[in-house]
Amino acid sequence: MARVLVVDDDPLVRELLVAVVSDGGHAVTAVPNGTDALDKLAVEAFEVVVMDRSMPRLSGLEVLVAIRKDPALKGLKVIMCTGAGMVADVDDALSAGADDYVVKPLDIPRLLEKVAKHAATAVPRVLPASGGVMGVLSRLFRPQS
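Before going further, it helps to spend a moment on the side chain of Lys-114. When you line up the elements, Lys-114 lands in helix α5 (residues 108-121). By relative accessible area, which is 9% here, Lys-114 ends up buried. Contacts of Lys-114, omitting those with residues within four sequence positions, involve Ile-79, Asp-100, Tyr-101 and Val-102.

Now the structure itself:
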């Protein structure tokens, strides 16, 4: 089971992706835009991101570039999932660092295959003790001096 972040501004598509990837046996978190995606990636560990290319605020490509610049996210796998299926669109995403590209309308078995494939090769990120559940627990159970 992989931890997957779904990023899509369309609520129906986001809901569909969450249902499909969850049914595939993965733990899924979803956000509606690129800014929220980067915020979520800063505090939670994921193996795979399934992300739309065209979104308000930050596009999927802008988020992808930010992910690839962050050494802490080096092992994160990114699958672009978008309606932009021209060869140039695919090339742009792959050149920017996408690990894979899925064109809408979705081929659900193919998407799940790609998520499983990339989850298997992802390098899990270890969050610092100050973040996430471990950070909360360490603060709660810190010895009193």
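Right, let's talk about the sheet that holds strand β1 (residues 3-7) for a bit. Spatially, β2-β1-β3-β4-β5 is the arrangement adopted by the 5 strands of the open sheet, whose pairing is parallel. Sheet topology places β2 (27-31) and β5 (100-103) at the edges, where each strand pairs with a single neighbour. For this sheet the average axis-to-axis angle between neighbouring strands, irrespective of direction, equals 20°. Here strand β3 (residues 48-51) pairs with strand β4 (residues 77-82) via 4 bridges, running parallel. For Met-51, the partnering residue across the bridge sits in β4 and is Met-80.

Bringing unusual backbone geometry into the picture now. A cis amide bond, omega 0°, links Lys-104 with the succeeding residue Pro-105. Along the chain, Pro-105 falls in the loop between β5 and α5. Unlike most non-glycine residues, Arg-57 shows phi in positive territory, near 70°. Mapped onto the fold, Arg-57 is located in the loop between β3 and α3 (60-69).

What follows is about the packing of α3 against helix α4 (residues 87-96). At a minimum axis distance of 9 Å, the contact between α3 and α4 shows a crossing angle of 20°. Here α4 runs roughly parallel to α3, going by the angle between their axes. Contact residues: Leu-61, Leu-64, Val-65 and Arg-68 in α3; Asp-92, Ala-93 and Ala-96 in α4.

About the thresholds
- Residues numbered from 1 in each chain as written.
- Predicted model: local features only at pLDDT ≥ 70, side-chain atom pairs only at ≥ 80, totals over all residues.
- Heavy atoms only, no water.
- Helix = DSSP H or I, 4+ residues; strand = E, 2+ residues; numbered from the N terminus.
- Buried < 20%, exposed > 50% of the residue type's maximum accessible area, 1.4 Å probe, protein only.
- Contact = heavy atoms within 4.5 Å.
- Pairing = 2+ DSSP bridges.
- Axes fitted to C-alpha atoms, helices over the stretch in contact; angles between N-to-C directions.
- Parallel < 35°, antiparallel > 145°, perpendicular 65-115°, else oblique.

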